[in-house]
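Listed below, chain by chain, are the residues.
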Amino acid sequence: MYNPTQDAATAEHFARWESHSKTLDNYSLVYVIKDCKSAAENMKNWNPIREGFYLDQAATYGMELTRRNANLPFGLRHRV
């Protein structure tokens, strides 16, 4: 039987994403965020649990980019 919660993000996913985000450069972070948003868009109206998974992933990587941008002058900040 299909269990829709198996597609949901877990605490382990968040920990792995946060750890991985710290190893990437800013350009890679932007790429990953855009890729996650694209994947979420593709899941829209088809698999809302997986859509949320990808949005959670994008948000986690986005938080790392936001932390880094806080230390940069406005003109040098990376945008998604």
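The structure this text deals with has already been given above.
Residues numbered from 1 in each chain as written. Predicted model: local features only at pLDDT ≥ 70, side-chain atom pairs only at ≥ 80, totals over all residues. Heavy atoms only, no water.

We now examine the overall build of the protein chain. When helices and strands are counted, the protein chain shows three helices and zero strands. Its helices and strands taken in sequence order, the protein chain reads α-α-α from the N to the C terminus. Projected onto its principal axes, the C-alpha coordinates of the protein chain cover approximately 50 × 25 × 15 Å. The buried share among the 80 residues of the protein chain stands at 34%. Within the protein chain, contacts between residues at least 6 apart in sequence are counted, and of these 70% link residues at least 24 apart. Treating the 10 positive side-chain charges of the protein chain as one cloud and the 9 negative ones as another, the clouds have centres 8 Å apart. (Helix = DSSP H or I, 4+ residues; strand = E, 2+ residues; numbered from the N terminus. Buried < 20%, exposed > 50% of the residue type's maximum accessible area, 1.4 Å probe, protein only. Contact = heavy atoms within 4.5 Å. Lys, Arg positive; Asp, Glu negative; His and termini not counted. Charge placed at Lys NZ, Arg CZ, Asp CG, Glu CD.)

Contact geometry for helix α1 (residues 11–21) and helix α3 (residues 48–69): axes closest at 10 Å, N-to-C directions at 35°. The two elements α1 and α3 meet at a crossing, and its hand is right-handed. Taken together, the residues of α3 that come into contact with α1 (itself represented by His13, Phe14, Trp17, Glu18, His20 and Ser21) are Phe53, Asp56, Gln57, Thr60, Tyr61, Glu64, Arg67 and Arg68. Among the residues making up the contact of α1 with α3, the classes are represented as four nonpolar, five polar and five charged. (Axes fitted to C-alpha atoms, helices over the stretch in contact; angles between N-to-C directions. Left-handed = near helix turned anticlockwise from the far one by under 90°. Nonpolar A, V, L, I, M, F, W, Y, C, P; charged D, E, K, R; others polar.)

The subject of this paragraph is the nonpolar core. In terms of nonpolar packing, the biggest core is built from 14 residues, with Leu24, Leu29, Val32, Ile33, Tyr54, Tyr61 and Leu65 touching the most fellow members. In terms of residue count, helix α2 (residues 26–43) provides more of this core than any other element does, seven residues in total. Apart from residues lying up to four places away in sequence, Leu29 is in contact with Ser21, Leu24, Tyr61, Glu64, Leu65 and Arg68. (Core = buried A, V, L, I, M, F, W, Y, C linked by side-chain atoms within 4.5 Å.)

This part is about the pattern of salt bridges. A side chain of one charge can pair with a side chain of the opposite charge when the charged atoms of the two come close. By the definition in use, this model includes five salt bridges. The salt bridge partner of Lys22 is Glu64, with a shortest N-O separation of 3.4 Å. Taken together, the residues Lys22 in the loop between α1 and α2 and Glu64 in helix α3 connect sequence positions 42 residues apart. For Lys22, a relative accessible area of 46% corresponds to the partly exposed category. With its nearest N and O atoms 3.3 Å apart, the salt bridge here joins Glu64 to Arg67. Within this pair, Glu64 and its partner Arg67 are both found in helix α3, separated by three residues, close to a single helical turn. Take Glu64: its relative accessible area is 8%, and that puts it in the buried class. (Salt bridge = Lys/Arg side-chain N within 4 Å of Asp/Glu carboxyl O.)

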